[in-house]
Each structure stands twice: as C-alpha cells, then as structure tokens.
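So you can see what is in the structure, the chains are spelled out below.
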Amino acid sequence: MSNKVIYAIYNDDDILMDAVKKTRAAHHHIEEVFTPFPVHGLDKAMGIAPTRLAICAFLYGCVGISVATAMMNYIMIQDWPQDIGGKPSFSYIENMPAFVPIMFELTVFFAAHLMVITFYMRSKLWPFKEAENPDVRTTDDHFLMEVAVNDNEEELISFFQSTGAVEVKVIDKH
Amino acid sequence: MYTFSSKLKTLSFILMAVGVLGIGYGFLTAPKDIQDVEKLLAAESHGGHGEAKHEASTTAESEHESDATHNLGSEEKNVEGSTAVVTPTGDSSKVDTAKVVEDVQIEPVVKKEGHVVSEEADHTEHLNHVLHQLQNKPWSALYVACIFFMLVSLGVLVFYAIQQVAQAGWSPVLFRVMQGITAYLPVGSVIFFIVLLLSGFHLNHLFIWLDPEVVASDKLIANKAGYLNFPFWIIRAAIFLIGWNLYRYYSRKNCLAQDESNDNLNYKKNFKLSAMFLVFFIVSESIMSWDWIMSIDPHWFSTLFGWYVFASFFVSSITTIALVTLYLKAKGVLEHVNTSHIHDLAKFMFGFSIFWTYLWFSQYMLIWYANIPEEVTYYITRIELYNLPFFGAVVMNFVFPLLILINTDFKRITWVLVMAGVVILGGHYIDFFNMIMPGTVGDRWFIGISEIASVLFFLGLFIYVVFTAMTKVPLLAKRNPFIEESKHFHY
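So, how was this worked out
The numbering scheme is per chain: residues are counted from 1 as the chain's sequence reads. Both sets of labels track the order of writing: A upward for chains, 1 upward for ligands. Local features in a predicted model are, by the rule used here, given only for residues with pLDDT of at least 70; side-chain atom pairs are given and counted only at 80 or more, and totals for whole chains, interfaces and linings are based on all residues. Counting from the N terminus, the helices are the DSSP runs of H or I reaching at least four residues and the strands are the DSSP runs of E reaching at least two. Remark: C-beta atoms are placed from the backbone, and a residue is labelled buried if 20 or more other C-beta atoms sit within 10 Å of its own, exposed if 12 or fewer do, or partly exposed between those counts. Here contacts are defined at the residue level, using C-beta atoms placed from the backbone and a cut-off of 7 Å between them. This radius of gyration counts C-alpha atoms alone. The globule rule is 2.2 Å times how many residues there are, raised to the power 0.38. Following DSSP output, two strands are said to pair if at least two bridges run between them. The predictor attaches a confidence to each residue, called pLDDT, with possible values from 0 through 100. UniProt positions are given in the numbering used here, feature names are shortened, and annotations may be inferred rather than shown by experiment. All axes here are fitted lines through C-alpha atoms, helices being fitted over the stretch that makes contact, and every angle between N-to-C directions spans 0 to 180 degrees. Note on convention: near helix rotated counterclockwise from far helix by under a right angle means a left-handed crossing. Clockwise means right-handed. For this classification, the nonpolar set comprises Ala, Val, Leu, Ile, Met, Phe, Trp, Tyr, Cys and Pro, the charged set comprises Asp, Glu, Lys and Arg, and every other residue, Gly included, is treated as polar. Residues of type Ala, Val, Leu, Ile, Met, Phe, Trp, Tyr and Cys that are buried and joined through C-beta atoms within 7 Å form what is called a nonpolar core. Comment on the angle field: the value is read as roughly parallel under 35 degrees, roughly antiparallel over 145, roughly perpendicular from 65 to 115, and oblique elsewhere.

- Looking at an unreviewed UniProt entry, one finds chain B named Quinol:cytochrome C oxidoreductase and attributed to Flavobacterium petrolei.

- An unreviewed UniProt entry lists chain A under the name DUF3341 domain-containing protein, with Flavobacterium psychrolimnae as the source organism.

### Some thoughts on the overall build of chain B
Phase 1 of the analysis: Across its full length, chain B carries 19 helices and 0 strands.
Phase 2 of the analysis: Scored against the burial criterion, the 491 residues of chain B give a buried share of 43%.
Phase 3 of the analysis: Residue pairs in contact within chain B that sit at least 24 positions apart in sequence constitute 83% of those at least 6 positions apart.

### Brief notes about the overall build of chain A
Phase 1 of the analysis: Each helix and strand counted, chain A has 5 helices and 4 strands in total.
Phase 2 of the analysis: Listed N to C, the secondary structure of chain A is β-α-β-α-α-α-β-α-β in terms of helices and strands.
Phase 3 of the analysis: Computed over C-alpha atoms, the radius of gyration of chain A comes to 25 Å, more than 25% over the 16 Å expected from 2.2 N^0.38 for 174 residues, which places it beyond the range of a compact globule.
Phase 4 of the analysis: Taking the principal axes of its C-alpha atoms as reference, chain A extends roughly 80 × 30 × 25 Å.
Phase 5 of the analysis: A total of 174 residues make up chain A; the buried ones form 16% of that total.
Phase 6 of the analysis: Residue pairs at least 24 apart in sequence account for 76% of intrachain contacts in chain A once pairs closer than 6 positions are excluded.

### Here we look at the pairing of strand β1 (residues 4-10) of chain A
All names here are of chain A.
Phase 1 of the analysis: Along β1, 5 of the 7 residues are buried, which leaves the element largely enclosed by surrounding structure.
Phase 2 of the analysis: Judged from the 6 bridges that link them, β1 and strand β4 (residues 167-172) form a sheet pairing that is antiparallel. Bridge pairing in β4 places Tyr7 opposite Lys169.
Phase 3 of the analysis: Inspection of the sheet shows β1 paired to strand β3 (residues 143-148) by 6 bridges, in the antiparallel sense. Bridge pairing in β3 links Val5 to Ala148.

### Considering the environment of Val20 of chain B
Residues and elements named next belong to chain B.
Phase 1 of the analysis: Here Val20 lies in helix α1 (residues 6-29).
Phase 2 of the analysis: Overall, Val20 belongs to the partly exposed group, with 15 C-beta atoms counted inside 10 Å.
Phase 3 of the analysis: Through-space distance from the C-alpha of Val20 to that of Trp139 is 13 Å; in sequence the pair is 119 residues apart.

### Side note on the confidence of the model for chain B
Phase 1 of the analysis: Here chain B shows a mean pLDDT of 86. Residues at 70 or above account for 85%.
Phase 2 of the analysis: Scored below 50 in pLDDT, residues 48-113 of chain B makes 60 contacts in the model with residues more than four places away or belonging to other chains.

### Observations regarding the UniProt feature "transmembrane region" (unreviewed entry) in chain A
Phase 1 of the analysis: The residues that UniProt annotates with the feature "transmembrane region" (unreviewed entry) are residues 53-76 and 96-120 of chain A.
Phase 2 of the analysis: Strand forms 0% of residues 96-120 of chain A and helix 100%; the C-alpha atoms that close the span are 35 Å apart.

### Description of the packing of helix α13 (residues 305-331) of chain B against helix α17 (residues 414-440) of chain B
All names here are of chain B.
Phase 1 of the analysis: Where α13 meets α17, the axes come as close as 9 Å, and the angle between the chain directions of the two elements is 150°. When the axes of α13 and α17 are compared, the crossing they make is left-handed. Residues Ser312, Val315, Ser316, Thr319, Ala322, Leu323 and Leu326 of α13 lie in contact with α17, whose contacting residues are Thr414, Leu417, Val418, Gly421, Ile424, Leu425, His428, Asp431 and Phe432.
Phase 2 of the analysis: A breakdown of the residues in the contact of α13 with α17 according to their chemical character gives 9 nonpolar, 6 polar and 1 charged.

### Quick word on the nonpolar core
Phase 1 of the analysis: Membership of the largest hydrophobic core comes to 115 residues, with the highest contact counts inside it found for Cys146, Ile147, Ile321, Met349 and Val466 of chain B.
Phase 2 of the analysis: For this core, the element with the most residues is helix α6 (residues 115-166) of chain B, which contributes 20 residues.
Phase 3 of the analysis: Setting aside chain neighbours within four positions, we find Val466 of chain B in contact with Gly180, Ile181, Ala183, Tyr184 and Val324 of chain B.
Phase 4 of the analysis: Ala8, Leu16, Val20 and Ala165 of chain A belong to the second largest nonpolar core, which has 18 residues in total.

### Here's the deal with the interface of chain B and chain A
Phase 1 of the analysis: Residue-level contacts link 7 residues of chain B with 7 residues of chain A.
Phase 2 of the analysis: Class assignment of the residues belonging to the side of chain B that touches chain A gives a composition of 5 nonpolar, 2 polar and no charged.

### A short note on the sheet that holds β1 of chain A
All names here are of chain A.
Phase 1 of the analysis: An order of β2-β3-β1-β4 is seen for the 4 strands of this open sheet, with the pairing classed as antiparallel. Strands with a single pairing partner mark the edges of an open sheet, and in this sheet they are β2 (30-34) and β4. Strand after strand, the sheet turns through a mean of 20° between neighbouring axes, direction not considered.
Phase 2 of the analysis: In the packing of helix α1 (residues 13-25) onto the sheet, contacts are made with β1, β2 and β3, and the angle to β3 comes to roughly 15°.
Phase 3 of the analysis: Most of the contacts of helix α5 (residues 153-162) go to β4, to which it runs at about 150°, and overall it touches β1, β3 and β4.

### Brief notes about the environment of Asn229 of chain B
Phase 1 of the analysis: Relative to the helices and strands, Asn229 of chain B is located in the loop between α10 (219-223) and α11 (230-260).
Phase 2 of the analysis: Along the backbone, Asn229 of chain B and Leu210 of chain B are 19 residues apart, and their C-alpha atoms lie at a distance of 6.7 Å.

### A word on the packing of helix α16 (residues 387-405) of chain B against α17 of chain B
Residues and elements named next belong to chain B.
Phase 1 of the analysis: Packing of α16 against α17 leaves a shortest axis separation of 8 Å and a crossing angle of 155°. Taken together, α16 and α17 sit at an angle that is classed as roughly antiparallel. α16 and α17 meet at a crossing whose hand is left-handed. Of the residues in α17, those in contact with Pro389, Phe390, Gly392, Ala393, Met396, Asn397, Phe400, Pro401, Ile404 and Leu405 of α16 are Val416, Ala420, Val423, Ile424, Gly426, Gly427, His428, Ile430, Asp431, Phe433 and Asn434.

### Observations concerning the pairing of β3 of chain A
Phase 1 of the analysis: Sheet topology note: the β2 of chain A/β3 of chain A ladder contains 4 bridges and is antiparallel. Directly across from Val33 of chain A, in β3 of chain A, lies its bridge partner Met145 of chain A.

And the structure:
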C-alpha cells in the first residue's frame, strides 16, 4: 500500500508553488518535485533543510589555497629558487604578491570543481545514469509533484484537482 | 512620511558645531612661518621619542625631495630651495619675473658659495618643506572628508542609476532612500568646488602642480601642463559636478512625477536619462579621479586608478544605503522593506569589498613586480610612512568584511551589518586618507583634531541634509512599474 504515489502535474511554476504550500499546510508528504528549470524558493516551500554545500565549498577552498601555497613554495622557492621580479630574496613571504593570483585561482578551482563533484555524488548523478523523472514532460514545460498515498487516494485526488493540477495520476511504485 | 527626529537633528548640529570648532582649531594652530617650524622640530628632537622620529622624517624628507625634484640635478634643487621662500600666495606675474631673475643668477651663486652656505640652505629648505606640509595638514584633512562624503552620495546616485537601467525588480522600495542620500550631492559639490577654487587661488598647497614655481622647476609636471593647469582643471570639475547634479535633479523629479501619473512615461524618461548618466559618469569618474586625487602625486600614475577610486566610494555608498535603510526600518517608516532587501544590500557590501581588494591588489602587484623607481615611490612612501593606515585599510576593507559577511545568516542580522558597515566606512575613509595625505603632508600625518573634526563636520552635514530630504517626500515610489515585485521581493 505504501508504495502508491500520486503524480500531480502542473503547467505553471507559480501554481506549483501555491500547490506545494497548500500541500504542506494540509500535511501531505511531498516525496519529490520535478521541474524543467530551477524554481526559485521551491526548496524553502518544500521544507527541505538548507544545503550544506556552502560549508563544503569553504573547506575545498581551504584545501585549494593550501595546495597552491605548498606547490608554489616547492616549485619557486625550494626546488629551483627563482629570482622573482628582480628581487632574489628566495623567501615565500617576501615574494608573496607574485603568488597571490595562483593562490586565488587554485582556491576557486578547488572549490568549484570539488563542489560540482560533491553535488553530483550527493544527487546520485553519474554518466549513463537512467533518468529518474517519471514523466518526460517535466523536461519540457510541465511540473510534477510526487506525493505519498496513505489510504487516502480519493481525498488526495480531489485535493490536487482543487490546487490547479492539469492532471492527477495514481501510480503503483515498485 | 518620515519625520526628522529631534534627537538625530540635535546630533547632526552637535557634530557640525564640534567639527567647525575642530577645523578652526586645526587652521589656527598650524605653524605660520619657519620659526614656528624650527621650534616645533627642536621640541620634537628633545622629546623622549623625538630622536628616532626626526631621523625618520629626514629620511622621508630626502625621499620626498628626490620624488619632487626627480631627475633634475642639484642645480635645480637649489633653485627650488631658494624659490620656495617666495610666498605661494604671491600673484603669478610677480613670481614669473622673480623666477627669471633667479634662473639667471642661480648658477654663479651655487658655484661661489661654499659648503657651509649650502648646508644652511638645505636646513631652510627642509624647514620650508615641513612648513608647507604642516600648513597643508588642516586643508588635507578637510579635503579628504569633503571628497569622501561627496563621493559617497555620488556613489549612491550611481547605484540608483544602475537599478533604473537594469530595471531591477528588488530595489524600487529603496529608491526614495537612495534619492534622499543623494540630496547631499548638491551641497557636497558646492563645498567641494569651493575647496578646489581655494586651492586654485593658492590658499593651500594640496596640488603642487598648481604652483607655477614647481612647474617651472619640474620637467615632468611641465610636460603635463597642457592637461594639468588651473583653468582646464576647474572647468572639468565644473562640468562633472554640474552633470551629476543635473541627473540627480531630473531623475528625482521624474520619479516623483511618476507617483501621480497614469502611465509609465516618466519611468521611461528616467530609464533613458539613467543610461546616459552612466555613460557620462564612467568617463567623468575616471577623469575626476586623476584630477582630484591622482594629481596630488603628479609624477606618479596608475591606469586603473579610476576604477580603484570608484570601488572605494561605491562600496561605501552601498554601505551607507544599508545603514540608512536599517535606521529607517528601525524607525518603522519602511514597511515594505524586508530582510531580503537588507540581505541583498549586504551581498553588495560583501561583493564590492572583494572588488575593492581585487583592484587594490592589482594596482599594488603590478607596480611591486615591475619595480620601476618612479612607480614604486608611491608605495614605498605608503608602506614606510603610512604602514598602519595602509595595511589597516586592507584589514578593515577586506579581511573584516570577508570574515563577517561571508555567512548568509549574518547578512540579515542588524547589529552585525551595522558593525561591518561602520568598519567598512571607516576603512574607506582611511583609504582616501592614504591616497591623499602622503602627497600633501608626507610624514607629518596624524589622525588628530583636524582630521576627526573634518569627518564629524561633514558627517553632521550629511545626516542633516539627507534626513531633511527624506521628510519631504513619501518613502515609497508607489507608481514605479516594479513596485509590486519589489514589495514582495523574497530571497
């Protein structure tokens, strides 16, 4: 019984947002919402916990700046001491201005790339993965809300029809 | 409608009064002649820490001297020394003849006189130099505060124009706040223009290239005389100031007319006007930064200086919008401004702090890397003589905002924003201080009565003008086509 779900399909993001708010207010459990594009504020309306990706980004950035510092220090100062800008001090800190762009770039590089990889892993996305969205129209111009059914099929169908859904289906999920 | 609270009004009057007293004190206590300076230097070198300071000042002296006379020989140096005695307020025709006579006479004098005389001349030259620096100090303090507050209101005007041109949906509820802050622009422009005129009439020595003596003895400045001369310079200043003020006037007028109209005609007019203003602004801003700030060190130039100055006053402007908005919100007169608007302003504060740092560093790194003597003097002066304000500005304008404003939740907390805002504004005042003071007072800088009083005076005036302007019109641009979107702005 518990693997029965309702697919309520909408054709406008504003109607979808209102529907999501109403559904939450009526204490129905939203499993997932599929949209063709990111809908602003949807995560908050669904009550999803704030993302922790920002914390990851900060940590990755710290790794990036450390790698840059260690790398530049090894390459330019220790392994093959270089005369930078006519100032042969052979000290990392005194030549630091020359290394700042690299430190900055690697901070951004690490933060950006590792954040994307983290996001893919967290979203269980990888090459050749089969699409999860239940209706191809959600990749075009329709929005789909998936809601769990708990012996209240009839009630839910009429509820979603009242929220402006263009289509309401009950599906047996395996 | 907002009413100017009597407490704030009293505060602004107190600030202005204290400011005027302090500025007056600064001018009255500035040394009048080289005898005063001699006494002052003697007192300094007898004091506990005087010795070291004096030594530092002489090194700085020679450095500054070499900067001023640059690639000229010792002969010209002597010319400068003897001509410097001529009072800077003397009229130019007199000075010109004096110069010619000296040019003829100076060579035999140099050759005849012995070592003793030249040492004495050196001493007098040094005293004169210090005298000029000390006489410049109250002027520079006034100038820094004056240009800073004027540019803050200009920056707000630019921010407002960008919102108009971008047809931004989030910001129309803040338009009247921005217009209120730009009310200071006409007042600030007039005062600033008067200060420029006074410099032009040789009441102070802020711009050494305005002094015909200096131009005559300095080939580098003489080569720039086609651009850096008083008439052209003051005409440019007038065009820029009038242009900015015209935009402010008409843009505000259209915005108010839009409140009562039935169509969007006034709004469309404002859109076009703002687009034209932004084009005019970005050109005039660059030239303004060379004219009013970079020319204080007339030997040195940097191609990104215009952007650097822009970044500095623009982040200050956004911070000012945020602080004024928070104040009005706390008073309960901005019912449609929600935390999302505040959050967006805080994001701009954070972003433009980083932008300022980017330009600060870009300018520094290229000059540091190339290590060309005529360029690095600019930074050597600042690092050796202005170490604390130079690096302190980076801490206040970059490290502090970076650490405190990077957190999303902090961008919505009033006291965090007020604290960050005060630090950012202070930091950018110091940034302007660093841009202007080394060229005008050299190692004689101090953030003392003159500086603080100047800031207090202009702060008081700013508060008075801005909040008086806010009481005149409703604080909601109710017929702006984007006002509904702005009211419901939600991040």
